[in-house]
Amino acid sequence: MSIKLREIFKPEYVQKEFYTGGHIEWTPDGHNLLCQCGPRVSILNIETTTLAGTIPQRTESVKTGDEEDEEDESTDSVIAFTLDPTGKNLITSHKSGLLCTWDFNERKLTKSWRHLHKGPVTKLSITSDQIIASGGTDSIIRLWQSEKAHCLYALHGAQGLISAMKFLQLSKSEYWLFAADLQSEIHVWNCDDGKHLFKLQGHFSTVTELTFYKKQYLISCGRDKVVILWDLESKSQLKMVALYDCLETMVVLPEEGFYLQDLNNELKNTHVIPSGICVAVGGENGELHVWDVKNNVPISKEYNADSQSIKSTKSITNMIFNETRSTLAICYVDNTVTLQSFGPQHSKLTLIGSNDEILDVALLGNECSRSLAVAINSCDIYLFPWHKKKIESDGDCEIDKVELGVCCKRLKGHTDTVLCLASYKNFLISSSKDHSIRVWLYCNVSRTANCVAIGTRHTGAINTVAISKSLDFIVSASTDTTLKLWKLPKTFKNDEQHILSVKLTEVGHEKDINSICIAPNYQTIATGSQDKLIKIWSASDLSVLGVCRGHKRGVWCVRFSPIDQVLLSSSADTTLKIWSMADYSCLKTLESHDSSVLKGGFLNHGTQVASCGGDGLVKIWCLKTSECIATLDKHSSKVWALSIVDDGSIMITGGTDSRLVVWHDRTEEVRISEAAANQTKALQDQQLQNLLQNEQLLPALKMSITLERPNTALKIIQTLSKQGQGQDLKMVFENINQEHKERLLNYIVDWNSNGKYCLAAQLVLNILLEDIMLGKLTINQEKLQGLMAYSERHFRRLTTLMTNLQLLRYTTNCMAPHLSNQ
C-alpha cells in the first residue's frame, strides 16, 4: 500500500492570550468576563471557557505570527476600561489620549474624544445614567456626559495618581464620587455640582480598593496592610482590621450568606450567614482573607487561594465578585484567573490568561479522555483538556477539529522551572531545574494527574527525560553531563510517592546534554549534546555503542525512526541529519531552516519529518526526496515544543511567543475539494463555450465573470457594443453579486490603461458608477487615481480626434463647390 504524503497543515486552533494583567470585569448576567489584554479588551465566555471576541475586534484574515504581532503593535493600547451597569456600553481609555465608547453587543465604536488630561487615564468609572469619571496621573478627575462627550466638571483636590475610584448612588439621580490619591487620602465629590464634600484620612500607604455596603458604609484597603470601615453619615472611622498583607483588592460578599469550602473536607461546603460586613481580600502573599470587618472577626482561616507551595506563591492583583453566579474571579500576578464558587456547589477553575514561554508539551490519556501537558516556564505543569468537535469542510462533510480552551488544571510539586515532559499512555515524566524528575499517573475520569514517584540524584538542572514504552525504565540527562537510568516500579499507590532508584549512571558528554530518546525496541538510547556529538548507548549497561559525528554546532534533538534503523538529529547549525544505526554514518542532510533547528520528529510511518526552529517556522520534509514540502508560519519567535499526534494527523507546537498552535493535516480534504472544484470548473467552461457557440452573449458574459475570464468578458462587451446592445449590459450587471462587481471593477482598471480597450472599460464604468457613488462598491485611492489619469488621457485623445474630424469635414465642405465646377 502506497503512503500518501501529508503536505497541507492548517492552524485550526491557536491558543491566544486573553488577559495580560490589569482590570477585569463581569458582565451583569455573569456569562462573560471582560479582561484587559494589551491593545484590546477580551470577552471570555465562562460557559465554554473560550474567547468569544475582542474590542476592538481582530481582523478575520489569516495571518502569520509576525503579521499578528504587527497588527497588535499598530493598535492603540487600552490603559483602562469599564462596563456600564446595564451592560450596553463599554468605555475604554487609550494610550493615544482618547476615550472611546463601544456598543458592547455589536462590538462597534460609537464615539471617541480627547480626554483632556495631561497624562494617561488610569481609572474609569461609570453610572447607570452614563456619567463617566476619568482619573488621570495629573491629579484631576473629569466627569463626562457619555452621549455628547461633554466634560461636565473637572474635580480638583486630589494629589498625584488616582489609585482607586468609585461612584456611590445615594438616590435615583444623586451620586457621590469617591477617589483615593497618592497621599493615601480618600476624597469625596458631589457629582451634581462638582463640589468637594470631604476627605477621609486613616491609611498610611496607597489605597488600592474602595467598596460600599448599603450606602451607609465605605470599606477601603491598602498596601499599609489594613482594612478600614468608614461610617459615611458621621464621616468617621469605625474599625481598622490588620491583616499583615499588602492588600491589592477587595470585594464585599453577599449579606444573605455564602458558602465556603471546608478546609478539612474538600467535598463539603460550609454555609456562612454573616452577622456583620464580610469581605474577601487578597494581596501580596497570595492568600484569600475572608473577614467580618464590622465585628473584626475572621470568617475563615487565612489560606492560600490557589493552594500553592511557598516558593510558587503568586500575588493576588485583582478580584471581582458576580452575585448572579456567586463566583469570585481572582487574578494573580502571573496572569492566571481562578474562578472560585461561593455557592452551594463548590467549584474552582483555573484559566490561563497568557502563557509564558512554552518549553515542552506532551499528550496524555486514551482516545476518549486526552489532556495536553504543557511546561510554561513555571514550576507547575498545566493540563489542558483535549476537546474534539465536528466542523463542516468545504466538501460538505464533517471533519474533526481539536480545541484546548483556556481552562486547565495545575500539577504542583516541582520547586523550580519544569524543562522537559515525556509521556506514554497515562504516564507523564517531568524534569526540572530543581534537579529532580517526577512520575505522574493520569486519571482518564477526572482528567488530572497525581505524582506517584520522584527521583533526586542529579546535581544539576535536568534538561531532558524519556520513558520506555515497556514502562520498565526512565532515562534522564542533566547539565551535570551525566546520564542516569531509573528503574520504574511495576505498581503505584496514589496516596504515597515512591522514591525512584538509579540503576545505572554514566558521564555522557563533555557539555550539557540537550536531548535523549529510547529506541522502539528498548535496547538502545541516543543522546545529543552541546559538544556537537550524538552517542548511542546500550540500555542494558549504558555502554557506548557508537558516536555520530558531523554536526558543526550543538545538537538540540534526537529521535529514533518508528520503523527504520535510522536516527534523526537537529542542530544549531540549521540542519537536520539522518543517521544509519548500522554503521553510524550520515545518510541525509536536510537544509532549509535559517536558524537553529530545535525539535524534530518522524511522522506518516517514518516517511516524513517535521521540524521547528529558532526562525519561528515549522517545516515538513519528505525523506525520499530530501525536500521541504511545506513551511508553516504561525509563530513569531523560537518554537521550542513539537508534539506529533496520531502519526502526524495532528501536530502541536509552542514557543517563545507564548502561542500554542494545533495543526491539522488537511491534505486529503483539500485534494478532494480541489478535485471537486476542478470538475465544477470544467463543466462551467463547457457551458461557457456552448453559450458562445450559440451566440447567447449576455448569459456568457455573466459566466465569464464568474469563472474569472477577463479576456472573454472583454471580447463579449466589445461585441455587444458594436451590435448596439450596450444598454443590455446594465441588466446583466444588476443581477450579479457584489463580489463579481468588485472583480469587474478590477478588470476595468486594467482595460482602461490600454487605448484599444478603453471604450469597453468606460462603458462598464458608466454602469457601475451609480453603485460607486452610493457606496455599494468601494475603490481604493491608488486604483481611483489610475482610472482618473487614464480616463483624462482618453478624453483628451478623443477630443483631439473629434476636433480633427470637424476640421476635415469643414475642409471637405469648403472644397465641395470647386469639385462640382470641375
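Residues numbered from 1 in each chain as written. Predicted model: local features only at pLDDT ≥ 70, side-chain atom pairs only at ≥ 80, totals over all residues. Heavy atoms only, no water.

Asker: What's the story with the sheet that holds strand 40 (residues 427-432) in this structure? I'm lost.
Answerer: Within a sheet, adjacent strands bond to each other through the backbone by hydrogen bonds, running parallel or antiparallel. Here we have five strands laid out as an open sheet, ordered 39-40-41-42-46, and mixed in their pairing. The sheet is open, and its two edges are formed by strand 39 (418-424) and strand 46 (498-499), each paired on a single side. The pairing of strand 40 with strand 41 (residues 437-443) spans five bridges and is classified as antiparallel. The partner of L428 across the bridge, within strand 41, is W440. (Pairing = 2+ DSSP bridges. Helix = DSSP H or I, 4+ residues; strand = E, 2+ residues; numbered from the N terminus.)

Asker: For this particular structure, what's the right way to read the sheet that holds strand 45 (residues 482-487)?
Answerer: The four strands lie next to each other as 43-44-45-47, forming an open sheet whose pairing is antiparallel. Taken across any chain shown, the strands that pair with only one partner, and hence form the sheet edges, are strand 43 (462-467) and strand 47 (501-507). Each strand of the sheet is rotated relative to its neighbour by a mean of 20°, with strand direction disregarded. Here five bridges tie strand 44 (residues 473-478) to strand 45, and the two strands are oriented antiparallel to one another. Residue pairing for strand 45: I474 is matched across the bridge by W486. (Axes fitted to C-alpha atoms, helices over the stretch in contact; angles between N-to-C directions.)

Asker: So what exactly am I meant to see when it comes to the confidence of the model for the protein chain here?
Answerer: Any region with low pLDDT has predicted coordinates that should not be read closely. Considering every residue of the protein chain, the mean pLDDT works out to 87; 95% of them sit at 70 or more. Predicted confidence for residues 304-312 stays below pLDDT 50, and this span has 28 contacts to residues more than four positions away or in other chains. (pLDDT = per-residue confidence, 0-100. Contact = heavy atoms within 4.5 Å.)

Asker: Explain the layout of surface pockets to me, please; I cannot follow it from the model alone.
Answerer: Where empty space is left becomes clear once a probe the size of a water molecule has been rolled over the atoms. Taken as a whole, the second largest pocket holds about 1700 Å³ of empty space. As for the second largest pocket, its lining consists of 50 residues, and the residues nearest its centre are L421, A422, S423, R559 and L642. At six residues, the largest contribution of residues to the lining of the second largest pocket is made by strand 39. A per-class count over the lining of the second largest pocket returns 28 nonpolar, 13 polar and nine charged. (1 Å grid on protein atoms, 1.4 Å probe; cavity = no way out; pocket = protein on both sides within 12 Å on 5 of 7 lines; lining within 4 Å. Points joined across faces, edges and corners; volume = space filled by probe spheres on them. Nonpolar A, V, L, I, M, F, W, Y, C, P; charged D, E, K, R; others polar.)

Asker: Help me understand the packing of helix 6 (residues 738-752) against helix 7 (residues 758-773), please; the structure alone is not making it clear to me.
Answerer: To characterise two packed helices, one gives the angle between the axes of the helices and the distance between these axes. In the contact formed by helix 6 and helix 7, the axes pass within 9 Å of each other and the chain directions differ by 140°. Relative to helix 7, the element helix 6 is oriented oblique. With respect to the hand of their crossing, helix 6 and helix 7 are arranged in left-handed fashion. Seen from helix 6, the contacting residues are K741, L744, L745, I748, W751 and N752; seen from helix 7, they are C758, A761, Q762, V764, L765, L768, D771 and I772. A breakdown of the residues in the contact of helix 6 with helix 7 according to their chemical character gives ten nonpolar, two polar and two charged. (Parallel < 35°, antiparallel > 145°, perpendicular 65-115°, else oblique. Left-handed = near helix turned anticlockwise from the far one by under 90°.)

Asker: What exactly am I supposed to notice about the nonpolar core here?
Answerer: Of all hydrophobic cores here, the largest spans 31 residues; its most connected members are L701, F733, L744, I748 and W751. Secondary-structure elements contributing two or more residues to this core are helix 2 (667-693), helix 3 (697-706), helix 4 (710-722), helix 5 (728-734), helix 6 and helix 7. Dropping the residues within four chain positions of it, F733 is found in contact with L701, I705, K741, L744, V764 and I767. By size, the runner-up hydrophobic cluster in this structure holds 20 residues, among which are I358, I376, V402 and C408. (Core = buried A, V, L, I, M, F, W, Y, C linked by side-chain atoms within 4.5 Å. Buried < 20%, exposed > 50% of the residue type's maximum accessible area, 1.4 Å probe, protein only.)

Asker: Would you mind going over the pairing of strand 43 with me for this structure?
Answerer: For a regular strand, side-chain orientation follows a simple rule: the groups alternate between the two sheet faces. Buried residues dominate strand 43, accounting for six of its six residues. Between the end of strand 43 and the start of strand 44, which pair antiparallel, lie five residues, with L471 showing a positive phi angle near 60°.

Asker: It is not clear to me how the side chain of R6 should be interpreted in this structure. Could you clarify?
Answerer: Structurally, R6 can be placed in the segment before strand 1 (9-15). A relative accessible area of 17% means that R6 is categorised as buried. Within the structure, the side chain of R6 is placed 2.7 Å from the side chain of D665, a separation counted as a polar contact. With residues near it in sequence (within four places) discarded, R6 still touches L603, N604, Q608, I620, I629, D646, D647, G648, S649, D665 and T667. (Polar contact = N/O pair within 3.5 Å; in protein donor to acceptor, adjacent residues only side chain to side chain.)

Asker: Looking at this model, I keep getting lost on the environment of L720. Mind explaining?
Answerer: By secondary structure assignment, the location of L720 is in helix 4. Under the relative-accessibility criterion, L720 is labelled buried at 0%. A C-alpha to C-alpha distance of 71 Å links L720 and V333, two positions 387 residues apart in sequence.

Asker: Help me understand the pattern of salt bridges in this model?
Answerer: Pairing is possible between side chains of opposite charge, provided their charged atoms come close. Overall, the coordinates contain 24 salt bridges when judged by the stated rule. Between E248 and R223 there is a salt bridge, and its shortest N-O distance comes to 2.8 Å. Of the two residues, E248 is situated in strand 22 (residues 247-252) and R223 in the loop between strand 19 (217-222) and strand 20 (226-231); the sequence distance between them amounts to 25 residues. In this structure, R410 engages D334 in a salt bridge whose closest nitrogen and oxygen atoms are separated by 3.2 Å. Residue R410 is located in strand 38 (residues 407-411), and its partner D334 is located in the loop between strand 30 (327-332) and strand 31 (336-341); the two are separated by 76 residues in the primary sequence. What you see here is one network of salt bridges that share partners, running through K314, D334, D380 and R410. (Salt bridge = Lys/Arg side-chain N within 4 Å of Asp/Glu carboxyl O.)

Asker: I tried to follow the pairing of strand 35 (residues 381-385) on my own but got confused; where do I start?
Answerer: Of all five residues in strand 35, five are buried; the element is thus mostly enclosed. Residue alternation in strand 35 divides its side chains into two sets, I381, L383 and P385 and Y382 and F384, and both sets are buried. Across five bridges, the pairing between strand 34 (residues 370-375) and strand 35 is antiparallel. The partner of A375 across the bridge, within strand 35, is I381.

Asker: I tried to follow helix 6 on my own but got confused; where do I start?
Answerer: Residue pairs spaced three or four apart in an α-helix point in one direction, given the helix's 3.6 residues per turn. Here helix 6 is 15 residues long and its end C-alpha atoms lie 21 Å apart, about the 21 Å a rise of 1.5 Å per residue gives. Within helix 6, the full set of buried residues consists of H740, K741, R743, L744, L745, Y747, I748, V749, W751 and N752. (Expected span 1.5 Å × (residues − 1).)

Asker: In this structure, what is going on with the packing of aromatic side chains? I would like to understand it.
Answerer: Aromatic rings in a pair are described by how distant their centres are and how their planes are angled relative to each other. Counting across every chain of the model gives eleven aromatic pairs. Aromatic pair W176 and F178: ring centres 6.4 Å apart, planes at 45°, arrangement tilted. A relative accessible area of 15% places W176 in the buried class. Judged by relative accessible area, which is 0%, F178 ranks as buried. The interplanar angle of 35° and the centroid separation of 6.0 Å between the aromatic rings of Y747 and W751 together place this pair among those described as tilted. Taken as a pair, Y747 and W751 lie in helix 6 at a separation of four residues, close to a single helical turn. (Phe/Tyr/Trp six-rings, centres within 6.5 Å; stacked < 30°, edge-to-face > 60°.)

Asker: Just to check I follow, could you spell out the environment of E287 for this structure?
Answerer: Secondary-structure assignment places E287 in strand 26 (residues 287-292). Judged by relative accessible area, E287 falls into the partly exposed class, the value being 22%. Each C-alpha atom of the pair E287 and D245 lies 8.5 Å from the other, and the pair is 42 residues apart in sequence.

Asker: Where do I start with the UniProt feature "repeat: WD" (unreviewed entry) in the protein chain in this structure?
Answerer: Under the local residue numbering, the UniProt record ascribes the feature "repeat: WD" (unreviewed entry) to residues 114-154, 200-240, 411-440, 455-488, 506-547, 548-589, 590-631 and 632-673. Span residues 455-488 is 0% helix and 56% strand, its end C-alpha atoms 10 Å apart. (UniProt positions renumbered as here; feature names shortened; annotations may be inferred.)

Asker: I would appreciate a short explanation of the packing of helix 2 against helix 3 in the present structure.
Answerer: Direction vectors running N to C along helix 2 and helix 3 enclose 155°, while the axes themselves pass 8 Å from each other. Between helix 2 and helix 3, the interaxial angle falls into the category roughly antiparallel. As for how helix 2 packs across helix 3, the hand of that crossing is left-handed. Contacts between helix 2 and helix 3 involve Q684, Q687, L688, L691 and L692 from the former and L697, P699, A700, M703 and S704 from the latter. Here the contact of helix 2 with helix 3 is built from residues that sort into seven nonpolar, three polar and no charged.

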